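# Understanding the architecture of this molecule
Residue-level listing of the chains:
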Amino acid sequence: MKKFLQFILFKVSYWRESLREALSEIIWCFQIALGMEMKPTNPEHDMPLKVSVKKKIAISSGHGLHVRGAKGIIDEVDEARRVTDRVAKILTDRGHECVVFHDDVSCNADDNLNAIIGWHRAQDRDRDVFIHFNAFDAPTAHGTEAIFRDVCDKPFAARVAESMSKVGFRLRPAQNGSTMLGAAKRSDLRVLNSLTDREEVLIEVCFVTSPRDVQIYNENFESLCGHIATALAE
Ligand SMILES: [Zn+2]
C-alpha cells in the first residue's frame, strides 16, 4: 500500500512537471509567433519563464579500452562510448559545453578509476556524468536506472532515469532509501564518492544481458540519447 501511494505521488509530481513544461512551451511558441521577446520574463519575480541556461557537462564512459565492463548480448564499454559520444554531440549542438573522456590507457581497475576521477576533477564543469550499462546472470533482469550518492542529486538522477524510460525501458524500483522510481542511492561507488563537489549521476542505461532491453536500446538509440541530453542539461 505504501509503495502504491509512493508510486501515485511520483506520477502526480511528474504530471505536474509535464503540465508546467507544456504550458511554458505554449507561451513560448505564441511569443515567437507574435515576434515578441524569445526569453520572456515573469515581471513578479523577474525570473525567466523559459531559460536556456548553458550547462558545462563532463561525461565519461565506464571502464576502459583495456579494462572491460559487462559483456552480454552487447558490450558495455563499446555501447557506453557510443552513448557518451552521441549525447555529448547533441549537447554541444544545443549550445552547451560538453567534454568527453574515454580511458584508453589503464590496464587495471584501480588505474582506470583514478584516470576517470582525475579527468573529471580537472574539468571546468557544473555536472559529472558517468555512463554505464547493467548486467545480471538472469536474462529476465531489465530496466533503466540512474545512481546518485548525495540526496541533493536525487531529483537529477530521477529526471535522468525518467528520460531514459521514455523509449520503453522499465524504471527500476527505488533502492536504498531512494523514494523515486529509477533513482538508486549508493555510497559504495568510488567515482561518486570522489567527486562530491558537483551535481553527479551514474547512468545504468539498461541491461546488456536482457534481450528485451537490448532490442529497445538498438531500436531507439537516437531518441534515447536525445532524451538523456535533455535531462542532463535541464
Ligand atoms: Zn559498468
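It should be emphasised that the depicted structure is a prediction, and the values quoted were computed from it without experimental measurement.

## A closer look at the overall build of the chain
Along the chain, the regular secondary structure elements total 7 helices and 8 strands. Evaluated residue by residue, the chain yields a buried proportion of 39% over its 234 residues. Across the chain, the fraction of contacts at a sequence separation of at least 24, relative to all contacts at a separation of at least 6, is 72%.

## Quick word on the confidence of the model for the chain
Averaged over all residues, the pLDDT of the chain is 84; the fraction at 70 or higher stands at 76%. Counting contacts from residues 12-50, a segment whose pLDDT is below 50, to residues more than four positions away or on other chains yields 21 contacts.

## Re the pairing of strand S8 (residues 199-207)
Counting buried residues in S8 gives 9 out of 9 residues, a clear majority hidden from the surface. Across 7 bridges, strand S5 (residues 127-134) lies against S8 in parallel orientation. Among the inter-strand pairings, phenylalanine 130 is bridged to a residue of S8, identified as leucine 202.

## Some remarks on the environment of methionine 180
Within the fold, methionine 180 resides in the loop between helix H4 (154-165) and strand S7 (183-185). With 18 residues separating them in the primary sequence, methionine 180 and glutamate 162 have C-alpha atoms 9.8 Å apart.

## Details of the environment of threonine 209
Structurally, the position occupied by threonine 209 is in the loop between S8 and helix H6 (211-219). Considered as a pair, threonine 209 and aspartate 75 are 134 residues apart in the sequence and their alpha carbons are 9.4 Å apart. Setting aside residues no more than four positions away along its own chain, threonine 209 makes contact with Gly72, Ile73, Ala135, Phe136, Pro139 and Ala141.

## With respect to helix H3 (residues 109-121)
Under the 1.5 Å per step criterion, the end-to-end length of H3 is 18 Å for 13 residues, consistent within 8% with the ideal 18 Å. All of the buried residues in H3 are Asn112, Ile116 and His120. Relative to the axis of H3, the buried residues are bounded by an arc of 60° and lie together on one face. Exposed side of H3, more than 90 degrees from the buried face: Asp110 and Gly118 are the residues found there. Each element contacted by the buried residues of H3 is listed here: strand S3 (56-64), strand S4 (97-103), S5 and helix H5 (190-194).

So, how was this worked out
- Residues numbered from 1 in each chain as written.
- Predicted model: local features only at pLDDT ≥ 70, side-chain atom pairs only at ≥ 80, totals over all residues.
- Helix = DSSP H or I, 4+ residues; strand = E, 2+ residues; numbered from the N terminus.
- Buried ≥ 20, exposed ≤ 12 C-beta atoms within 10 Å, placed from the backbone.
- Contact = placed C-beta atoms within 7 Å.
- pLDDT = per-residue confidence, 0-100.
- Pairing = 2+ DSSP bridges.
- Expected span 1.5 Å × (residues − 1).
- Arc of directions from axis to C-beta.

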